Amino acid sequence: MHEAELIRMAQSGDHDALVELLRSIETSVYRSAYYILGNEQDALDASQEVLIRIYRKLDTYQEKAKFSTWVQRIVSNVCMDKFRAKKETVSIDEHELIIPDRNNVEEEILLTGLSNDIQEAIGRLPKQYRMVVVLRYIEDLSYQEIAEALDLPLNTVKSYLFRARQQLQELLYDYQKGGIG
């Protein structure tokens with residue numbers, strides 16, 4: 001069943017369609033929240049809150065924007081609320097990267113370390129940069145979709161991404177040199 005059809009059915013009160021729609025987006029919602037907030041518990045809390053908001057506000061969704069953009073806007077708003085509530089940045093916990101069907105242990109260790117370095121570097125970005133990086137490179141949204149999701153001018157999104165890439169490059173260089181820790 002196509003997403004648009006699921007949305008229409010859910011909006012008209014079909015509980016099964018609503019459940020299927022929410023299940024289809026829950027991984028993406030969690031992934032975005034995790035990369036934005038930086039830890040598993042906050043991401044789980046935010047994901048739950050996002051899914052509840054979608055459930056409550058699905059009748060307000062109009063097909064003017066892509067559904068994924070609408071969802072990411074809710075994710076962004078919930079995460080921003082969590083940032084405001086904490087008044088400080090959240091550190092990223094070390095998490096193992098599970099790589100299925102790999103026989104090369106050295107390669108697995110290298111990829112795990114790289115993943116942790118990237119997560120740590122993203123976690124050190126200012127929250128506005130972190131949000132655009134997650135939406136662009138984790139959720140694969142276009143610049144225009146990011147602008148709509150975050151309610152920012154397109155040029156601001158481009159500027160944030162440019163600055164975020166510069167900062168990530170510096171942070172990852174420092175990790176490689178062993179300068180951060």
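Only a predicted model underlies this, so the values are computations on that prediction, with no experimental measurement involved.

## So, the nonpolar core
Counting residues in hydrophobic clusters, the biggest one holds 50 residues, and the most contacted among them are Ile25, Ile54, Leu58, Phe67, Trp70, Val71 and Ile146. Elements with a minimum of two residues in this core: helix 1 (3-11), helix 2 (15-37), helix 3 (40-57), helix 4 (67-86), helix 5 (105-124), helix 6 (127-138), helix 7 (143-150) and helix 8 (154-177). Looking at this core element by element, the count peaks at 11 residues for helix 2. Sequence-distant contacts of Phe67, defined by excluding residues within four places in its chain, comprise Glu3, Ile7, Leu21, Ile25, Leu58 and Tyr61.

## Notes on the layout of surface pockets
Considering only enclosed or pocket space, the second largest pocket measures out at about 180 Å³ in volume. Lining of the second largest pocket is provided by Ser76, Asn77, Met80, Arg84, Gln128, Met131, Ala149, Leu150, Leu152 and Tyr160. Among the elements of the structure, helix 4, helix 6 and helix 7 are those that each provide at least two residues to the lining of the second largest pocket. The element contributing the most residues to the lining of the second largest pocket is helix 4, with four residues. Considering only residue class, the lining of the second largest pocket consists of six nonpolar, three polar and one charged.

## Digging into the pattern of salt bridges
All chains considered together, the criterion is met by eight salt bridges. Among the salt bridges present, the one from Glu49 reaches Arg53, with a minimum N-O distance of 2.9 Å. Note that Glu49 and Arg53 are positioned in helix 3 at a spacing of four residues, about one turn of the helix. Glu49 sits in the partly exposed class, given a relative accessible area of 28%. The closest approach of N and O atoms between Arg124 and Glu120, which form a salt bridge, is 3.3 Å. Remark: Glu120 and Arg124 occur in helix 5; sequence separation between them is four residues, near one turn of the helix. Given the relative accessible area of 42%, Arg124 is considered partly exposed. Look at Glu120 and you get buried, because its relative accessible area is 19%. Overlapping salt bridges, with partners in common, bring together Glu49, Arg53, Asp81 and Lys82 in one network.

So, how was this worked out
- Residues numbered from 1 in each chain as written.
- Predicted model: local features only at pLDDT ≥ 70, side-chain atom pairs only at ≥ 80, totals over all residues.
- Heavy atoms only, no water.
- Core = buried A, V, L, I, M, F, W, Y, C linked by side-chain atoms within 4.5 Å.
- Buried < 20%, exposed > 50% of the residue type's maximum accessible area, 1.4 Å probe, protein only.
- Helix = DSSP H or I, 4+ residues; strand = E, 2+ residues; numbered from the N terminus.
- Contact = heavy atoms within 4.5 Å.
- 1 Å grid on protein atoms, 1.4 Å probe; cavity = no way out; pocket = protein on both sides within 12 Å on 5 of 7 lines; lining within 4 Å.
- Points joined across faces, edges and corners; volume = space filled by probe spheres on them.
- Nonpolar A, V, L, I, M, F, W, Y, C, P; charged D, E, K, R; others polar.
- Salt bridge = Lys/Arg side-chain N within 4 Å of Asp/Glu carboxyl O.

On their own, these measurements won't tell you what the molecule is for.
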